[in-house]
Amino acid sequence: MEAQAIQPLARLLRDHKGTTIVLTGAGISTESGIPDFRSPGGLYESIDPMEYLSVWALERTPARFWDYFARLFGSFGHIQPNAGHVALARLEAEGYVHTVVTQNIDGLHTRAGSANVLEVHGHVRTVHCTGCAHTFPMAEALRQVADGHCPPGCPRCGELLRPDVVLFGDMLSQAFPQAIEAARASSLTLVVGSSLTVSPANSIAVLSPHLAIINRDPTPADARADLVIHAPAGDTLAALLETLGIP
Ligand code: NAD
(Lines give C-alpha, C1' and ligand atoms only; values in the text may rest on other atoms or scores of the structure.)
Protein backbone atom coordinates (compact mmCIF):
# COMPACT_ATOMS: atom_id res chain seq x y z
CA MET A 1 0.00 0.00 0.00
CA GLU A 2 1.26 3.48 -0.95
CA ALA A 3 2.31 5.39 2.17
CA GLN A 4 0.65 8.44 0.62
CA ALA A 5 -2.79 6.76 0.63
CA ILE A 6 -2.47 6.21 4.34
CA GLN A 7 -1.74 9.84 5.29
CA PRO A 8 -5.39 10.82 5.96
CA LEU A 9 -5.81 7.79 8.23
CA ALA A 10 -2.58 8.60 10.08
CA ARG A 11 -3.85 12.16 10.55
CA LEU A 12 -7.10 10.89 12.08
CA LEU A 13 -5.18 8.62 14.45
CA ARG A 14 -2.93 11.53 15.50
CA ASP A 15 -5.93 13.84 16.02
CA HIS A 16 -7.69 11.23 18.18
CA LYS A 17 -4.65 9.79 19.94
CA GLY A 18 -5.69 7.93 23.08
CA THR A 19 -9.42 8.26 22.43
CA THR A 20 -9.65 5.83 19.51
CA ILE A 21 -11.31 2.46 19.74
CA VAL A 22 -10.95 -0.25 17.12
CA LEU A 23 -13.82 -2.56 16.19
CA THR A 24 -12.65 -5.71 14.43
CA GLY A 25 -14.47 -8.51 12.65
CA ALA A 26 -13.65 -11.78 10.95
CA GLY A 27 -11.87 -9.92 8.10
CA ILE A 28 -8.83 -9.11 10.26
CA SER A 29 -8.21 -12.83 10.77
CA THR A 30 -8.60 -14.07 7.17
CA GLU A 31 -4.90 -13.31 6.58
CA SER A 32 -4.15 -15.74 9.42
CA GLY A 33 -6.08 -18.44 7.53
CA ILE A 34 -9.45 -18.31 9.31
CA PRO A 35 -12.33 -17.87 6.83
CA ASP A 36 -14.82 -15.09 7.50
CA PHE A 37 -18.58 -15.50 7.06
CA ARG A 38 -19.49 -13.38 4.06
CA SER A 39 -16.52 -13.15 1.64
CA PRO A 40 -16.38 -15.50 -1.36
CA GLY A 41 -15.24 -18.82 0.11
CA GLY A 42 -16.49 -17.70 3.54
CA LEU A 43 -18.35 -19.97 5.93
CA TYR A 44 -21.80 -18.84 4.75
CA GLU A 45 -21.14 -20.57 1.42
CA SER A 46 -20.97 -23.99 3.04
CA ILE A 47 -23.28 -23.79 6.09
CA ASP A 48 -26.12 -21.92 7.66
CA PRO A 49 -24.43 -20.75 10.89
CA MET A 50 -27.85 -20.35 12.48
CA GLU A 51 -28.42 -24.08 12.01
CA TYR A 52 -25.01 -25.18 13.28
CA LEU A 53 -23.87 -22.51 15.75
CA SER A 54 -27.01 -21.73 17.72
CA VAL A 55 -28.22 -22.52 21.25
CA TRP A 56 -30.96 -24.60 19.62
CA ALA A 57 -28.41 -26.70 17.72
CA LEU A 58 -26.46 -27.24 20.94
CA GLU A 59 -29.61 -28.28 22.84
CA ARG A 60 -31.26 -30.42 20.15
CA THR A 61 -28.31 -31.97 18.32
CA PRO A 62 -25.30 -31.59 20.66
CA ALA A 63 -23.18 -34.26 18.94
CA ARG A 64 -23.60 -32.56 15.55
CA PHE A 65 -22.94 -29.15 17.12
CA TRP A 66 -19.69 -30.31 18.72
CA ASP A 67 -18.54 -32.29 15.70
CA TYR A 68 -18.90 -29.15 13.57
CA PHE A 69 -17.51 -26.77 16.20
CA ALA A 70 -14.41 -28.91 16.78
CA ARG A 71 -13.68 -29.17 13.05
CA LEU A 72 -14.19 -25.44 12.49
CA PHE A 73 -12.56 -23.93 15.55
CA GLY A 74 -10.45 -26.76 16.94
CA SER A 75 -7.34 -25.66 15.08
CA PHE A 76 -7.40 -22.04 16.29
CA GLY A 77 -4.65 -22.75 18.81
CA HIS A 78 -2.18 -23.38 15.95
CA ILE A 79 -3.14 -20.24 14.02
CA GLN A 80 -0.88 -17.21 14.41
CA PRO A 81 -1.75 -13.48 14.64
CA ASN A 82 -0.95 -11.61 11.40
CA ALA A 83 0.49 -8.17 10.63
CA GLY A 84 -2.91 -6.53 11.28
CA HIS A 85 -3.26 -7.92 14.81
CA VAL A 86 0.36 -7.03 15.59
CA ALA A 87 -0.08 -3.47 14.26
CA LEU A 88 -3.14 -2.89 16.48
CA ALA A 89 -1.18 -4.11 19.50
CA ARG A 90 1.64 -1.66 18.63
CA LEU A 91 -0.87 1.21 18.21
CA GLU A 92 -2.22 0.47 21.68
CA ALA A 93 1.27 0.24 23.20
CA GLU A 94 2.16 3.62 21.65
CA GLY A 95 -0.98 5.23 23.13
CA TYR A 96 -2.95 5.70 19.89
CA VAL A 97 -5.60 3.05 20.50
CA HIS A 98 -7.47 2.84 23.79
CA THR A 99 -9.51 -0.36 23.36
CA VAL A 100 -9.93 -3.13 20.81
CA VAL A 101 -13.52 -4.34 20.62
CA THR A 102 -13.66 -7.57 18.64
CA GLN A 103 -16.48 -9.69 17.27
CA ASN A 104 -13.93 -12.48 16.78
CA ILE A 105 -13.67 -15.51 19.00
CA ASP A 106 -10.20 -16.56 17.86
CA GLY A 107 -8.24 -14.80 20.63
CA LEU A 108 -5.64 -13.47 18.16
CA HIS A 109 -5.67 -9.86 19.45
CA THR A 110 -4.62 -10.97 22.92
CA ARG A 111 -2.03 -13.32 21.49
CA ALA A 112 -0.64 -10.46 19.37
CA GLY A 113 -0.15 -8.36 22.53
CA SER A 114 -3.24 -6.13 22.71
CA ALA A 115 -3.96 -5.58 26.41
CA ASN A 116 -7.35 -3.86 26.45
CA VAL A 117 -9.54 -6.23 24.44
CA LEU A 118 -13.30 -6.65 24.72
CA GLU A 119 -14.45 -9.92 23.09
CA VAL A 120 -18.15 -9.20 22.60
CA HIS A 121 -18.83 -12.66 21.11
CA GLY A 122 -16.72 -14.55 23.65
CA HIS A 123 -13.68 -16.71 22.87
CA VAL A 124 -12.53 -20.27 22.25
CA ARG A 125 -10.10 -20.48 25.17
CA THR A 126 -12.58 -22.12 27.55
CA VAL A 127 -15.82 -24.10 27.84
CA HIS A 128 -18.20 -24.43 30.76
CA CYS A 129 -20.58 -27.07 32.06
CA THR A 130 -24.29 -26.49 31.34
CA GLY A 131 -25.02 -28.32 34.63
CA CYS A 132 -22.58 -27.22 37.35
CA ALA A 133 -21.17 -24.17 35.46
CA HIS A 134 -17.55 -25.19 36.11
CA THR A 135 -15.06 -23.83 33.55
CA PHE A 136 -12.50 -25.98 31.70
CA PRO A 137 -9.94 -25.28 28.96
CA MET A 138 -11.30 -25.76 25.41
CA ALA A 139 -8.62 -28.46 25.03
CA GLU A 140 -10.62 -30.68 27.43
CA ALA A 141 -13.70 -30.64 25.16
CA LEU A 142 -11.66 -31.05 21.97
CA ARG A 143 -9.76 -34.00 23.47
CA GLN A 144 -13.03 -35.76 24.30
CA VAL A 145 -14.41 -35.14 20.78
CA ALA A 146 -11.15 -36.45 19.25
CA ASP A 147 -11.42 -39.55 21.48
CA GLY A 148 -14.95 -40.22 20.20
CA HIS A 149 -16.79 -38.80 23.26
CA CYS A 150 -19.06 -36.50 21.34
CA PRO A 151 -20.74 -34.43 22.67
CA PRO A 152 -18.16 -33.79 25.42
CA GLY A 153 -19.30 -34.07 29.05
CA CYS A 154 -18.28 -32.31 32.26
CA PRO A 155 -15.42 -34.18 33.98
CA ARG A 156 -17.08 -33.32 37.32
CA CYS A 157 -20.80 -34.00 36.83
CA GLY A 158 -21.15 -35.45 33.32
CA GLU A 159 -23.50 -32.75 31.97
CA LEU A 160 -22.99 -31.23 28.51
CA LEU A 161 -20.05 -28.83 28.00
CA ARG A 162 -20.54 -25.69 25.90
CA PRO A 163 -18.03 -23.21 24.45
CA ASP A 164 -17.70 -19.75 26.01
CA VAL A 165 -18.75 -18.08 22.78
CA VAL A 166 -21.96 -16.18 22.10
CA LEU A 167 -24.11 -18.48 19.96
CA PHE A 168 -27.11 -17.38 17.89
CA GLY A 169 -29.97 -17.20 20.41
CA ASP A 170 -27.67 -16.45 23.39
CA MET A 171 -27.83 -13.40 25.65
CA LEU A 172 -25.17 -10.78 24.92
CA SER A 173 -21.86 -11.14 26.75
CA GLN A 174 -20.84 -8.96 29.70
CA ALA A 175 -18.27 -7.39 27.39
CA PHE A 176 -21.03 -5.86 25.27
CA PRO A 177 -22.14 -3.05 27.62
CA GLN A 178 -18.45 -2.35 28.30
CA ALA A 179 -17.90 -2.00 24.56
CA ILE A 180 -20.83 0.41 24.27
CA GLU A 181 -19.37 2.46 27.12
CA ALA A 182 -15.89 2.48 25.52
CA ALA A 183 -17.37 3.54 22.17
CA ARG A 184 -19.38 6.36 23.75
CA ALA A 185 -16.26 7.62 25.53
CA SER A 186 -14.17 7.55 22.36
CA SER A 187 -13.80 10.23 19.70
CA LEU A 188 -12.87 7.90 16.80
CA THR A 189 -13.87 4.34 15.93
CA LEU A 190 -11.64 2.51 13.47
CA VAL A 191 -13.46 -0.49 11.99
CA VAL A 192 -11.22 -3.23 10.59
CA GLY A 193 -12.46 -6.27 8.64
CA SER A 194 -16.15 -6.28 9.43
CA SER A 195 -19.13 -6.31 7.06
CA LEU A 196 -20.98 -4.38 9.80
CA THR A 197 -24.05 -6.51 9.18
CA VAL A 198 -24.09 -8.51 12.44
CA SER A 199 -26.40 -6.89 14.93
CA PRO A 200 -26.09 -5.60 17.61
CA ALA A 201 -22.26 -5.57 17.36
CA ASN A 202 -22.44 -3.28 14.30
CA SER A 203 -24.22 -0.63 16.39
CA ILE A 204 -20.92 -0.05 18.25
CA ALA A 205 -19.42 1.40 15.06
CA VAL A 206 -21.64 4.47 15.03
CA LEU A 207 -21.32 5.67 18.63
CA SER A 208 -18.17 7.77 18.23
CA PRO A 209 -18.34 11.19 16.60
CA HIS A 210 -15.77 10.06 13.99
CA LEU A 211 -15.53 6.83 12.01
CA ALA A 212 -12.85 5.29 9.79
CA ILE A 213 -13.22 1.94 8.02
CA ILE A 214 -10.64 -0.48 6.62
CA ASN A 215 -12.49 -3.29 4.84
CA ARG A 216 -11.96 -5.14 1.59
CA ASP A 217 -15.62 -4.71 0.56
CA PRO A 218 -18.11 -1.87 1.06
CA THR A 219 -20.14 -1.76 4.30
CA PRO A 220 -23.50 -0.16 5.12
CA ALA A 221 -21.67 2.46 7.23
CA ASP A 222 -19.28 3.65 4.47
CA ALA A 223 -21.46 6.65 3.60
CA ARG A 224 -21.28 8.09 7.12
CA ALA A 225 -17.54 7.45 7.65
CA ASP A 226 -14.90 10.21 7.66
CA LEU A 227 -12.60 7.84 5.74
CA VAL A 228 -12.98 4.47 4.03
CA ILE A 229 -10.10 2.30 2.75
CA HIS A 230 -11.10 -0.75 0.71
CA ALA A 231 -7.90 -2.78 1.04
CA PRO A 232 -6.45 -5.74 2.96
CA ALA A 233 -6.19 -5.08 6.69
CA GLY A 234 -2.64 -6.38 7.23
CA ASP A 235 -0.96 -4.24 4.57
CA THR A 236 -2.99 -1.16 5.47
CA LEU A 237 -2.28 -1.33 9.19
CA ALA A 238 1.41 -2.08 8.59
CA ALA A 239 1.57 1.01 6.33
CA LEU A 240 -0.21 3.04 9.01
CA LEU A 241 2.46 2.09 11.57
CA GLU A 242 5.20 3.11 9.16
CA THR A 243 3.53 6.46 8.44
CA LEU A 244 3.14 7.14 12.16
CA GLY A 245 6.82 6.28 12.62
CA ILE A 246 6.13 3.37 14.95
CA PRO A 247 8.76 0.62 14.70
P1 NAD B 1 -18.15 -10.92 8.06
O2 NAD B 1 -17.73 -12.26 7.54
O3 NAD B 1 -19.59 -10.57 8.02
O4 NAD B 1 -17.38 -9.78 7.26
C5 NAD B 1 -15.99 -9.82 7.09
C6 NAD B 1 -15.60 -8.61 6.27
O7 NAD B 1 -14.19 -8.57 6.24
C8 NAD B 1 -16.10 -8.67 4.83
O9 NAD B 1 -16.83 -7.49 4.54
C10 NAD B 1 -14.80 -8.75 3.99
O11 NAD B 1 -14.86 -7.92 2.86
C12 NAD B 1 -13.77 -8.23 4.94
N13 NAD B 1 -12.45 -8.85 4.78
C14 NAD B 1 -12.14 -10.17 4.62
N15 NAD B 1 -10.81 -10.33 4.60
C16 NAD B 1 -10.27 -9.09 4.73
C17 NAD B 1 -8.94 -8.61 4.79
N18 NAD B 1 -7.89 -9.43 4.69
N19 NAD B 1 -8.76 -7.28 4.95
C20 NAD B 1 -9.81 -6.42 5.04
N21 NAD B 1 -11.08 -6.82 5.00
C22 NAD B 1 -11.31 -8.16 4.85
O23 NAD B 1 -17.52 -10.78 9.50
P24 NAD B 1 -18.06 -9.98 10.75
O25 NAD B 1 -18.54 -8.64 10.36
O26 NAD B 1 -16.99 -10.10 11.78
O27 NAD B 1 -19.33 -10.84 11.22
C28 NAD B 1 -19.30 -12.26 11.28
C29 NAD B 1 -19.56 -12.87 12.63
O30 NAD B 1 -18.96 -14.18 12.70
C31 NAD B 1 -18.91 -12.11 13.74
O32 NAD B 1 -19.63 -12.30 14.89
C33 NAD B 1 -17.56 -12.80 13.85
O34 NAD B 1 -17.04 -12.70 15.11
C35 NAD B 1 -17.89 -14.26 13.60
N36 NAD B 1 -16.73 -14.96 12.99
C37 NAD B 1 -15.55 -14.94 13.68
C38 NAD B 1 -14.43 -15.51 13.13
C39 NAD B 1 -13.14 -15.43 13.93
O40 NAD B 1 -13.17 -15.44 15.16
N41 NAD B 1 -12.00 -15.29 13.25
C42 NAD B 1 -14.48 -16.12 11.88
C43 NAD B 1 -15.72 -16.13 11.20
C44 NAD B 1 -16.85 -15.54 11.78
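No experiment lies behind these values; they were computed from the predicted model shown. (Residues numbered from 1 in each chain as written. Predicted model: local features only at pLDDT ≥ 70, side-chain atom pairs only at ≥ 80, totals over all residues. Heavy atoms only, no water.)

S.K.: Give me helix α8 (residues 175-185): which residues, what numbers.
M.R.: Of the positions making up α8, those classed as buried are Ala175, Phe176, Ala179, Ile180, Ala182 and Ala183. Seen from one end, α8 has its buried residues packed into an arc of 165°, which puts them on one side. Exposed positions of α8 whose direction lies more than 90 degrees from the buried face are Glu181, Arg184 and Ala185. At its buried positions, α8 is contacted by β1 (20-24), β2 (97-102) and β3 (117-119). (Buried < 20%, exposed > 50% of the residue type's maximum accessible area, 1.4 Å probe, protein only. Helix = DSSP H or I, 4+ residues; strand = E, 2+ residues; numbered from the N terminus. Arc of directions from axis to C-beta. Contact = heavy atoms within 4.5 Å.)

S.K.: Can you lay out the packing of helix α4 (residues 62-73) against helix α7 (residues 138-146) for me, pointing to particular residues and giving the numbers?
M.R.: Orientation of α4 relative to α7, taken along the N-to-C sense of each, is 110°, at an axis distance of 10 Å. Viewed along their axes, α4 and α7 adopt a mutual orientation that is roughly perpendicular. Judged by the sense of rotation from one axis to the other, the crossing of α4 with α7 is left-handed. On α7, the residues that touch Trp66, Phe69 and Ala70 of α4 are Met138, Ala141, Leu142 and Val145. Considering only residue class, the contact of α4 with α7 consists of 7 nonpolar, no polar and no charged. (Axes fitted to C-alpha atoms, helices over the stretch in contact; angles between N-to-C directions. Parallel < 35°, antiparallel > 145°, perpendicular 65-115°, else oblique. Left-handed = near helix turned anticlockwise from the far one by under 90°. Nonpolar A, V, L, I, M, F, W, Y, C, P; charged D, E, K, R; others polar.)

S.K.: Which residues make up the pattern of salt bridges, and what are the values?
M.R.: Scanning all chains against the criterion turns up 6 salt bridges. Put simply, Arg90 and Glu94 hold a salt bridge, and the shortest N to O gap is 3.2 Å. With a shortest N-O distance of 2.6 Å, Glu119 and Arg125 are connected by a salt bridge. Glu119 sits in the buried class, given a relative accessible area of 13%. Among the ionic contacts, a cluster of salt bridges with common partners joins Glu140, Arg143 and Asp147. (Salt bridge = Lys/Arg side-chain N within 4 Å of Asp/Glu carboxyl O.)

Bear in mind that shape data such as this cannot, by itself, settle questions of function.
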